[in-house]
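Structure at a glance
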Amino acid sequence: GYGGLPDRDGKVTLDACIMDEFGNSGAVMFLEKIMHPIKVARLVMEKTPHVQLVGEGALKFALQNGFKQENLLTPASEKAWKDWLKNSKYDPMTIPKLLQQKTVKDGRGQEHNHDTIGMLALDAAGNLSGACTTSGMAFKMHGRVGDSPIIGAGLFVDNEVGAATSTGVGEEVVCICGSHTVIELMRQGLSPEEACKKTCERIVHKRGEKAKELQVGFIAVDRSGNFSGYALQKGFTYAVQTAEGSKVYDAKSIF
Ligand code: GLY
């Protein structure tokens, strides 16, 4: 949330979803002014009969549950937006590339070039869960929602099979039900790496040459704790935390 790059109107709008080992799910989309949208998504799962709350309704629900409204647009993210406004070029395929060339410092001085965090967990009892949260594609249209808060696209957990999550150009992930596809491929016997790779290949198959301009990455873990990731382009890394410690891995890529 804080320091996430805003939409083309200068608004930071947030998306998040969460899913537990029973298939319970909660999501918020197009939520403004709340620092940690994933906490609101969790409350949607735990306290409402619904799965998704959007926009003003999601904000109202957050405020009713004690969350505070905050300004999430930092001076650094405001500057990045104002720099972008000079040309106002909006192309979801090239923006990730631009951001890779010029990393943006957030309000805490940390550098980053994308804002999505997907997290998968396998607990000591062997149960899987996951969460995904983002401020979405930088300089998107006001109201745009990507893959991250959509169960089956940005995140999917099936406790009998595995868990998967994604990052990158959300439009591409939504159109192939990305994380669900990874899990269904694992159900058919593919390893997490093979399943993530085959799902990336589906985007390449659909988009052809255009896929060379896109970045999408998946990570997945199975019930035994086997994990992997795969991306369209080089440069996608993921971190794994186990009882032995943490390690950052470079995912393999198609291109
Ligand atoms: N994958 C994040 C988004 O497209 O919003």
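Being a predicted model, the structure only gives us computed values, none of them experimental.

Glancing now at the overall build of the chain. Looking only at helices and strands, the chain has seven helices and 14 strands in total. For 255 residues, the compact-globule estimate of 2.2 N^0.38 gives 18 Å, and the chain sits close to it at 17 Å. The dimensions of the chain, computed from C-alpha atoms along their principal axes, are 50 × 45 × 35 Å. By the burial criterion, 49% of the 255 residues in the chain qualify as buried. Taking contacts inside the chain between residues at least 6 apart in sequence as the whole, the part at least 24 apart equals 58%. A total of about 12600 Å² of accessible surface is found on the chain, and carbon and sulfur atoms cover 52% of it. Placing the 30 positive and 30 negative side-chain charges of the chain at their respective mean positions leaves the two points 5 Å apart.

Let's shift gears to the site of the ligand. Taken together, the residues surrounding the ligand are T116, G136, M137, R144, G146, D147, S148, G168 and G170. In this structure, R144 approaches the ligand through a side-chain N or O atom, which is 2.7 Å from an oxygen atom. Residue D147 places a side-chain N or O atom 2.7 Å away from a nitrogen atom belonging to the ligand. When its residues are assigned to classes, the shell around the ligand shows one nonpolar, six polar and two charged.

Okay, the sheet that holds strand β8 (residues 155-158) next. The strand order across the open sheet formed by five strands is β8-β9-β10-β11-β14, and the pairing between neighbours is mixed. Of all the strands in the sheet, just β8 and β14 (252-253) have a single pairing partner and so form its edges. Where strand β11 (residues 227-231) and β14 come together, two bridges link them in parallel fashion. Its bridge partner lying in β14, A231 is registered against S253. In the packing of helix α6 (residues 178-187) onto the sheet, contacts are made with β8, β9 (162-168) and β10 (216-222), and the angle to β9 comes to roughly 145°.

This part is about unusual backbone geometry. Phi is positive for F30, which is not a glycine, with a value near 55°. By the element assignment, F30 lies in strand β2 (residues 25-32). Positive phi, normally seen in glycine, also occurs at C177, with a value near 45°. For C177, a relative accessible area of 45% corresponds to the partly exposed category.

Ranked by internal contacts, the top residues of the largest apolar core, which has 31 residues, are V182, M186, V216 and F218. Where this core is concerned, the elements lending two or more residues are β1 (13-19), β7 (128-134), β8, β9, α6, α7 (192-207) and β10. Excluding anything up to four places from it in sequence, V216 contacts T167, G168, V169, E172, V173, C200, I203, Y230, A231 and L232. Counting 17 residues, the second largest nonpolar core, distinct from the first, contains I18, I34, A58 and F67.

Rules of the game
Residues numbered from 1 in each chain as written. Predicted model: local features only at pLDDT ≥ 70, side-chain atom pairs only at ≥ 80, totals over all residues. Heavy atoms only, no water. Helix = DSSP H or I, 4+ residues; strand = E, 2+ residues; numbered from the N terminus. Rg over C-alpha atoms; globule rule 2.2 N^0.38 Å. Buried < 20%, exposed > 50% of the residue type's maximum accessible area, 1.4 Å probe, protein only. Contact = heavy atoms within 4.5 Å. Areas by Shrake-Rupley, 256 points an atom, 1.4 Å probe, with all protein chains shown as cover. Lys, Arg positive; Asp, Glu negative; His and termini not counted. Charge placed at Lys NZ, Arg CZ, Asp CG, Glu CD. Near = heavy atom within 4 Å. Polar contact = N/O pair within 3.5 Å; in protein donor to acceptor, adjacent residues only side chain to side chain. Nonpolar A, V, L, I, M, F, W, Y, C, P; charged D, E, K, R; others polar. Pairing = 2+ DSSP bridges. Axes fitted to C-alpha atoms, helices over the stretch in contact; angles between N-to-C directions. Core = buried A, V, L, I, M, F, W, Y, C linked by side-chain atoms within 4.5 Å.

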